[in-house]
Amino acid sequence: MDAPNVVWITLDSVRSDHTTVGGYERDTTPAMADLGARGHAFDTCISHSKSTLPSSGAILTGLAPSRNTLGISGDVLPDGVPTVAERFSDAGYHTACLSRNSFVSPATGLDRGFDRFRWLASETMTELPPSTLVKYLLNIRRHSAGLTRDTAKHATPFLMNETARRWLDDVADEQPFFFYLHYNEPHRPYYPPLSYIDRYTDDLEMDPREAAEFALEVHHDAEEIVANGCDLSDDEWAALRAMYDAEIAYTDEMVGRLVDHVRSLPLGDTVVVVTADHGELFGEHGLLSHWHVLSDAVTRVPLVLSGLDADLAVSGDDVVQHADVMRTLLEAAGADADGTVGVDLRSESREYAVSQRGPVDFDAVYEHNEDFDASRFHLPALTSLRTETYRYQESEAGADLFALPDEVTDVSDERPDLAAELSAELDEWYERHGQPIDAGERGEFSGAVQRQLRDLGYVE
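Residues numbered from 1 in each chain as written. Predicted model: local features only at pLDDT ≥ 70, side-chain atom pairs only at ≥ 80, totals over all residues. Heavy atoms only, no water.

One finds Ile9, Phe178 and Leu181 to be the most contacted residues of the largest nonpolar core, which totals 123 residues. Here the element with the most residues in this core is helix H10 (residues 234-264); it accounts for 15 residues. Beyond its immediate sequence surroundings of up to four residues, Phe178 is in contact with Val6, Trp8, Val84, Ala85, Phe88, Tyr93, His94, Thr95, Ala96, Phe114 and Met326. (Core = buried A, V, L, I, M, F, W, Y, C linked by side-chain atoms within 4.5 Å. Buried < 20%, exposed > 50% of the residue type's maximum accessible area, 1.4 Å probe, protein only. Helix = DSSP H or I, 4+ residues; strand = E, 2+ residues; numbered from the N terminus. Contact = heavy atoms within 4.5 Å.)

Let's shift gears to the sheet that holds strand E11 (residues 353-357). The strands making up a sheet associate through backbone hydrogen bonding, with each pair oriented either parallel or antiparallel. Strand order in this open sheet of 4 strands is E11-E12-E13-E14, and the pairing throughout is antiparallel. Each having just a single partner strand, E11 and strand E14 (398-403) make up the two edges of the open sheet. Between one strand axis and the next, the sheet turns by 15° as a mean value, whatever way the strands run. In this structure, strand E12 (residues 382-386) lies alongside strand E13 (residues 390-395), joined through 4 bridges in antiparallel fashion. The residue of E13 that forms the bridge with Arg386 is Arg391. Seen against the sheet, helix H14 (residues 416-434) touches E11, E12, E13 and E14 and runs at an angle of roughly 65° to E13. (Pairing = 2+ DSSP bridges. Axes fitted to C-alpha atoms, helices over the stretch in contact; angles between N-to-C directions.)

Once that is clear, we can look at the pattern of salt bridges. For the coordinates displayed, the defined rule picks out 20 salt bridges. Ionic pairing is found between Arg257 and Glu253, a salt bridge with its closest N-O pair at 2.8 Å. Of this pair, Arg257 and Glu253 are both found in helix H10, 4 residues apart, which corresponds to roughly one turn of the helix. Put simply, Glu331 and Arg327 hold a salt bridge, and the shortest N to O gap is 3.5 Å. Taken together, the positions of Glu331 and Arg327, both in helix H12 (residues 322-332) and 4 residues apart, correspond to about one turn of that helix. (Salt bridge = Lys/Arg side-chain N within 4 Å of Asp/Glu carboxyl O.)

So, about the pairing of E13. Of all 6 residues in E13, 5 are buried; the element is thus mostly enclosed. In textbook terms, the turn of a hairpin is the stretch between consecutive antiparallel strands, and for E12 and E13 this stretch comprises 3 residues. Examined bridge by bridge, E13 and E14 share 6 bridges and lie antiparallel to one another. Looking at E14, one finds that Glu394 is bridged to Ala399.

With 13 residues, helix H8 (residues 208-220) should cover 18 Å at 1.5 Å per step; its first-to-last C-alpha distance of 19 Å lies within 8% of that length. Turning to H8, its buried residues are Ala211, Ala212, Phe214, Ala215, Leu216, Val218 and His219. Looking at where H8 begins, the residue whose side-chain oxygen comes 3.1 Å from the main-chain nitrogen of Arg209 is Asp207. (Expected span 1.5 Å × (residues − 1). Polar contact = N/O pair within 3.5 Å; in protein donor to acceptor, adjacent residues only side chain to side chain.)

This is how it looks when you write it as structure tokens:
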């Protein structure tokens, strides 16, 4: 095939086992499933980290988090780290990025290499064309929480789609192109648009609006809830999951609409990727959101790929990572993929996936419960190696070996030889792929970035 156009769509905080393609009991992602049926769907895509900054940094550089440093030892991409947008651009591609998340913005340097970049935040939405804003306001109950000044309740896939459609119409004359989109939904607080708020509430004791308001309370009180053992009732957990699933379903509908628009355009070969940057916790390990662990709940994400006119050397059950898909697309584009951590899925497979996380603390939790026990968590930087049947993790504080799907019971004493083997594999991997290119850099985020991070629960 000729150098293909690439449309890469990343959704925020979607765990695989809450999607149709992941075998979920609720049909939350029919559009994603349809795309996978037309191409390839992967059941075991393991993200490079547990949160947006390191995961997106790995996707948009093709390098492991510790190598590009984002979310590990820095929060701004060092100048010496190449981006995939630069690689596509050097291969003659027009590049564009539309992001709703502060961690994929000029604040972190992940805009580097894009010819066209827009970060949609509360402050920057006013820069959209008036016709788009009027259309959004006229559909505010269908596509958001209605008229409210609480920005944490706003849903923005409609604005993402309207902007993306205009951009796609523009780049149809500038092929080949690489267009990267990051949708912020269904990131907490799981407040779905009013048109979806009752999608999964039939069996709840709460009414739909009460469930949405409860999800917002959990969002604001997450540290206190974790500090006290995530002691929620069965109906409260059910309400939280219902709101989360409704957000997934709404966002899937909007992604389906955008993909339909892509298909309607007079484009050449076009590859569409839909995935998530990381998953989400609902009480596993006594945690919420996507805090501090590298278990499957936060690293196993959906991934579908359509439009790549080639057989793959992997099946839907094999372990893959985002960098594998990105390397495959770079190679298909004739771009330089040298040094990236992925494998070309048209000819290779991988034996294991590696995820990383920077140092963490529980200071905000201790404020609510000074007796909280954090000893079961690795507080220094943590690296995880996951095979099809085991997950091994280690930090300066120690190491654990889990026989999947159990990620609580350490079986290192029962399988010492395997633990030693995987530890050696991890050492070799780090020497080849994990060493930082440049020292991590810290930046001072603007007020607009800080406000969105506050809405998402990252800062107080």
